[in-house]
Amino acid sequence: MTELHALVIYVPGTHTEQVLAAIGDAGAGRIGNYSHCSFVTSGIGRFTAHDGAAPYLGRVGAPEEVPEDRIECVVEWHALSVVVAALRAAHPYEEPAFMSWRVEGWRRAEADSSRA
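This write-up is about the structure you can find in this document. (Residues numbered from 1 in each chain as written. Predicted model: local features only at pLDDT ≥ 70, side-chain atom pairs only at ≥ 80, totals over all residues. Heavy atoms only, no water.)

### Quick look at the pattern of salt bridges
Right, so step 1: For the structure shown, the criterion picks out three salt bridges.
Right, so step 2: Two residues, Glu 72 and Arg 70, come together in a salt bridge whose shortest N-O distance is 3.1 Å.
Right, so step 3: Two residues, Glu 104 and Arg 102, come together in a salt bridge whose shortest N-O distance is 3.5 Å.
Right, so step 4: For Glu 104, a relative accessible area of 61% translates into the label exposed. (Salt bridge = Lys/Arg side-chain N within 4 Å of Asp/Glu carboxyl O. Buried < 20%, exposed > 50% of the residue type's maximum accessible area, 1.4 Å probe, protein only.)

What follows is the structure, given as structure tokens:
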């Protein structure tokens, strides 16, 4: 059985497709005979950069609001570090906001896990 993790990433809408391609190519979103599976919702990200930051958007000391997308997908445990490296490389922010956790869905190790 292969352990699954949920991965959630917040990215400015201008870079959503770039991040989706990078994480999908790295192995995120593989479900059965499908790849690059994800769910995307839009919202507003908020942050304030502090001294020492090099913000992609906005300026140090000023609150910022940015139209962002929330990307959700699953990642098999063995691919998680490669996927995270790919998201960091494709994401425009100096410190991308993302999180992951183990999910209770387990997958058989064979290639076509969607069939019982």
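On we go from here.
### Quick word on the packing of aromatic side chains
Right, so step 1: Taken as a whole and judged by the stated rule, the model has two aromatic pairs.
Right, so step 2: Ring centres of Tyr 56 and Tyr 93 lie 6.2 Å apart, and the angle between their planes is 50°; this geometry places the pair in the tilted category. One end of the pair, Tyr 56, is in the loop between β2 (39-48) and β3 (63-76); the other, Tyr 93, is in the loop between α2 (80-90) and β4 (97-107), and 37 residues separate them in sequence.
Right, so step 3: The rings of Phe 47, Tyr 56 and Tyr 93 are connected pair by pair, giving a single aromatic cluster. (Phe/Tyr/Trp six-rings, centres within 6.5 Å; stacked < 30°, edge-to-face > 60°. Helix = DSSP H or I, 4+ residues; strand = E, 2+ residues; numbered from the N terminus.)

### Remarks on the packing of helix α1 (residues 16-26) against α2
Right, so step 1: It is the contact of α1 with α2, at a shortest axis distance of 8 Å, that shows an interaxial angle of 155°. By the angle class used here, α1 and α2 are roughly antiparallel. As α1 packs across α2, the resulting crossing turns out to be right-handed. Taking contact as the criterion, the partners of Gln 18, Val 19, Ala 22, Ile 23 and Ala 26 in α1 are, on α2, Val 82, Val 83, Ala 86, Leu 87 and Ala 90.
Right, so step 2: In terms of residue class, the contact of α1 with α2 is made up of nine nonpolar, one polar and no charged. (Axes fitted to C-alpha atoms, helices over the stretch in contact; angles between N-to-C directions. Parallel < 35°, antiparallel > 145°, perpendicular 65-115°, else oblique. Left-handed = near helix turned anticlockwise from the far one by under 90°. Contact = heavy atoms within 4.5 Å. Nonpolar A, V, L, I, M, F, W, Y, C, P; charged D, E, K, R; others polar.)

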